[in-house]
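# Structure assessment
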There are 2 protein chains.
Amino acid sequence: MSSFINFENANNLLNAEIDFSNKVSGLKPSAIREIFKSLSDPEMISFAAGNPSPLSFPTEQIKEIAGDIFTNRPVEALQYSITEGYPKLRTQVEDRLKSKFGINMDGMTTIITTGGQQGIDLTAKALCNEGDIIITENPSFIGALNAFRAYNVDIRGVDLEDDGMNLCQLEKILSENKNVKMIYTIPTFHNPGGITASVEKRKAVIALAEKYGVIILEDNPYGELRFSGEDVPTMKSLDKNGVVVYCSSFSKILSAGMRVGFLCGRSDIIQKVVVAKQVNDVHTNIFFQLLASDFISKYSLDDHIKGIRKLYFDKCSLMLSEMDKHFPKHIKYTRPEGGLFIWVTMPEKYDADLFAKEGVASKVAVVSGTAFTPKQGDKSSSFRMNYSTPSDEQIILGVERLGKLLERYE
Amino acid sequence: MSSFINFENANNLLNAEIDFSNKVSGLKPSAIREIFKSLSDPEMISFAAGNPSPLSFPTEQIKEIAGDIFTNRPVEALQYSITEGYPKLRTQVEDRLKSKFGINMDGMTTIITTGGQQGIDLTAKALCNEGDIIITENPSFIGALNAFRAYNVDIRGVDLEDDGMNLCQLEKILSENKNVKMIYTIPTFHNPGGITASVEKRKAVIALAEKYGVIILEDNPYGELRFSGEDVPTMKSLDKNGVVVYCSSFSKILSAGMRVGFLCGRSDIIQKVVVAKQVNDVHTNIFFQLLASDFISKYSLDDHIKGIRKLYFDKCSLMLSEMDKHFPKHIKYTRPEGGLFIWVTMPEKYDADLFAKEGVASKVAVVSGTAFTPKQGDKSSSFRMNYSTPSDEQIILGVERLGKLLERYE
């Protein structure tokens, strides 16, 4: 007899405890979500978000395209559609991957996903059994870490250095374990680490993936957001043998709320992601797929992105110059050439959880590095600051507040 | 050393075989998808779809609301949003669940999902470990069956009778197995079975779920589409002890392409679904959540649904009267009081796969019952016909073609 809901020990059935699946029982609402609760305080300055600037949305053009779609092809925008995604948008994405990101599409195909997050989630679902190993950078993107945790995968962190993954640690894990399925990496404008991996490191990671027969999931949501320095080739463009699956989205260049992303990889992998997506949400909302496609056809996506880059260059420069002014000299931080984040590291003896709490008490929110550790419970002396969302005034005031706090963290 | 990608046996790395996860390796593109490929033939009449009629979309109102949203609150519609869903829409959904579906919300809460499909998928993810048992009707909805298969759950089918599940079979499975976690049921206008479960059967299934401590997932996407007969209370409205999780969507009453659904259940269950959704797609596209909310505020959803009911009553009546005219007397079929489907049963000795193939050769597509068997590979002598999508002319011509074919199935 089943005892899934423990009715027997409960005063009444509504209070009976449920044994949730081992997939979700360990998952807690993320630390970032908890921080967001404190943001309802109107005096709080938040450097905690990962949101694009509202100024990055081309609202006038979107309004115009929406009016056109609902006037001229409403049924197409409102009816069920195919799981793979709107064919024209897939072609446009593939063209852009070729021309802007140097990706050779031979033997490769794409699927439109419900944001980049779904691409990460379903790639793990298609490739990994429970107990398999996924290697990630340490630190890594919390949304990916939690997606992997929900498949009961064994996540192994590899230290993130200034030019990418620590290769010795990476090869040690690969050589000592039979069941590594995937290396998850954010080589460009790392979240939260702020760094961009060198082309040498990228090639070395690909060589290791080939040697040990594992897939690389290259997550590149910020790749279009370079505002200084020189482009580094995507890992997918360096991938001659199809070991790299490439994931990105329109969230940071058109709209995050519309939930349109894409995945590019070997056709057999993408086909498995298609069947996984079919049982997950059938297809990504088709209206915004049409809208993204029309935007690309009718306007210059490049010109629009140029504006976002300028905006983020200005915001990042302001935040860095204020940090240079107010942060004590022993506090280290990245100087990003793109993306949304600065990664700040205090002396090792300090606990970033404690610092983040003190920040909230001083009305400025950052995200403690412990949110990004592959191994839950690991300590961190680093924290993440976002510059895309706060106003210039908030950047100036918030950095000053943090600087005062940091004086005690010497 | 890992051998996930079998490079060694391949001529080149791109041809190397990948061992996909046991979650997706057995999943094939659904039979329905395969049928859709044949639909590119312009002469093909399709009774195979599960799509709502394009006439059911309130396109004028949607266009107006979209213009208003992109004019007056574009940033809200385009920025990241919260995983639980737009609070006002959740309240509106809860109000409707109370007023129209008799659901008591005490101790219950809701989450907005990316279509009803995601609600089914994530409920299974939150509740079931690999190897656990989910009980479904036989036949059942293919999207749910495949979602469960992708979690390596053991699916056990219970025969669907004219008034609902076979209770003896249901209790036998519950009493003989420790690890039944969930009973998945579509009690109203069953897909594909066409029937509506009696209130007695609903109560009996709830009593068994309470006795054996398992959750019921009540899937009710067609509940608003009654066009004749008397309403039967939802199982959730009969649920005094929180064993029922209720799943539905706006797909059949506003738009399927917008991918907005909802789930209602015990707060602890919904909280686990929230963390599962957060790592799946972060949140459902917020623009269409705002749009659904505004539609409910500004227009009468009930009046709109009244129009859909009239449309489907007419289409279903036409299909049934043509079937009465052309189908041989020994062919049995349901006479639905709502929903989208008629379920046709030939004498047991016949193979519906073969019949469906002959249908396609005669330029009329139906879905063989084998697509809906909980146990993959089981035979079926039944098939599903949809009346919401074809035109009146197509219904008349297609039923005549099927009638001719069926004369040989005596």
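Structure: above.
Attention in this report is confined to the structure presented alongside it. (Residues numbered from 1 in each chain as written. Chains lettered and ligands numbered in written order. Predicted model: local features only at pLDDT ≥ 70, side-chain atom pairs only at ≥ 80, totals over all residues. Heavy atoms only, no water.)

Moving on to the sheet that holds strand β6 (residues 154-161) of chain A. Residues and elements named next belong to chain A. Spatial ordering of the open sheet is given by β4-β11-β10-β9-β8-β5-β6-β7, a layout of 8 strands whose pairing is mixed. For this open sheet the edge positions go to β4 (108-113) and β7 (164-165), each flanked by a neighbour on one side alone. One ladder, built from 2 bridges, connects β6 with β7; its direction is antiparallel. Residue pairing across strands places E161 opposite G164, the latter belonging to β7. (Pairing = 2+ DSSP bridges. Helix = DSSP H or I, 4+ residues; strand = E, 2+ residues; numbered from the N terminus.)

Per the counting criterion, the structure on display carries 54 salt bridges over all chains. With a shortest N-O distance of 2.9 Å, D294 of chain A and R73 of chain A are connected by a salt bridge. Here D294 of chain A, found in helix α10 (residues 286-298), pairs with R73 of chain A, found in the loop between α2 (59-72) and α3 (74-78); they are 221 residues apart in sequence, far enough to count as distant. Across this residue pair, the class does not change: D294 of chain A and R73 of chain A are buried. Residues E171 of chain B and K211 of chain B are paired through a salt bridge, measuring 2.8 Å at the closest nitrogen-oxygen approach. (Salt bridge = Lys/Arg side-chain N within 4 Å of Asp/Glu carboxyl O. Buried < 20%, exposed > 50% of the residue type's maximum accessible area, 1.4 Å probe, protein only.)

So, on to helix α4 (residues 87-101) of chain A. Residue and element names in this part refer to chain A. Its 15 residues place the ends of α4 20 Å apart at the C-alpha level, agreeing with the 21 Å of an ideal helix rising 1.5 Å per residue. On its buried face, α4 sits against β4, β10 (244-249), β11 (261-266), α10 and α11 (301-326). Once α4 ends, the next one or two residues include G102, with phi positive near 65°. (Expected span 1.5 Å × (residues − 1). Contact = heavy atoms within 4.5 Å.)

Copy one and copy two of the chain differ by a rotation about a common axis and a shift along it. Under the fitted operation, chain A is carried onto chain B by 0.0 Å of movement along the axis and a turn of 180°, and the coordinates agree to an RMSD of 0.0 Å. Here the copies are linked by what is in effect a two-fold axis. Closest approach to the rotation axis within chain A is made by the C-alpha atom of G67 of chain A, at a distance of 3.3 Å. Looking at the interface residues of chain A, 100% of them are also at the interface in chain B, so both copies use one shared face. (Least-squares fit on C-alpha atoms with pLDDT ≥ 70 in both.)

Another aspect to go through is the interface of chain A and chain B. With 99 residues of chain A at the contact, the number on the chain B side is 100 residues. Of the roughly 8,200 Å² buried at the junction of chain A and chain B (both faces included), carbon and sulfur atoms supply 61%. Inspection of the region where chain A meets chain B yields 2 salt bridges. In this structure, the salt-bridge partner of K125 of chain A is D121 of chain B, at a minimum N-O distance of 4.0 Å. Our count for the chain A to chain B interface comes out at 38 residue pairs in polar contact (both at pLDDT 80 or more). By residue class, the composition of the side of chain A that touches chain B is 48 nonpolar, 31 polar and 20 charged. (Buried area = accessible area lost by both parts, 1.4 Å probe. Polar contact = N/O pair within 3.5 Å; in protein donor to acceptor, adjacent residues only side chain to side chain. Nonpolar A, V, L, I, M, F, W, Y, C, P; charged D, E, K, R; others polar.)

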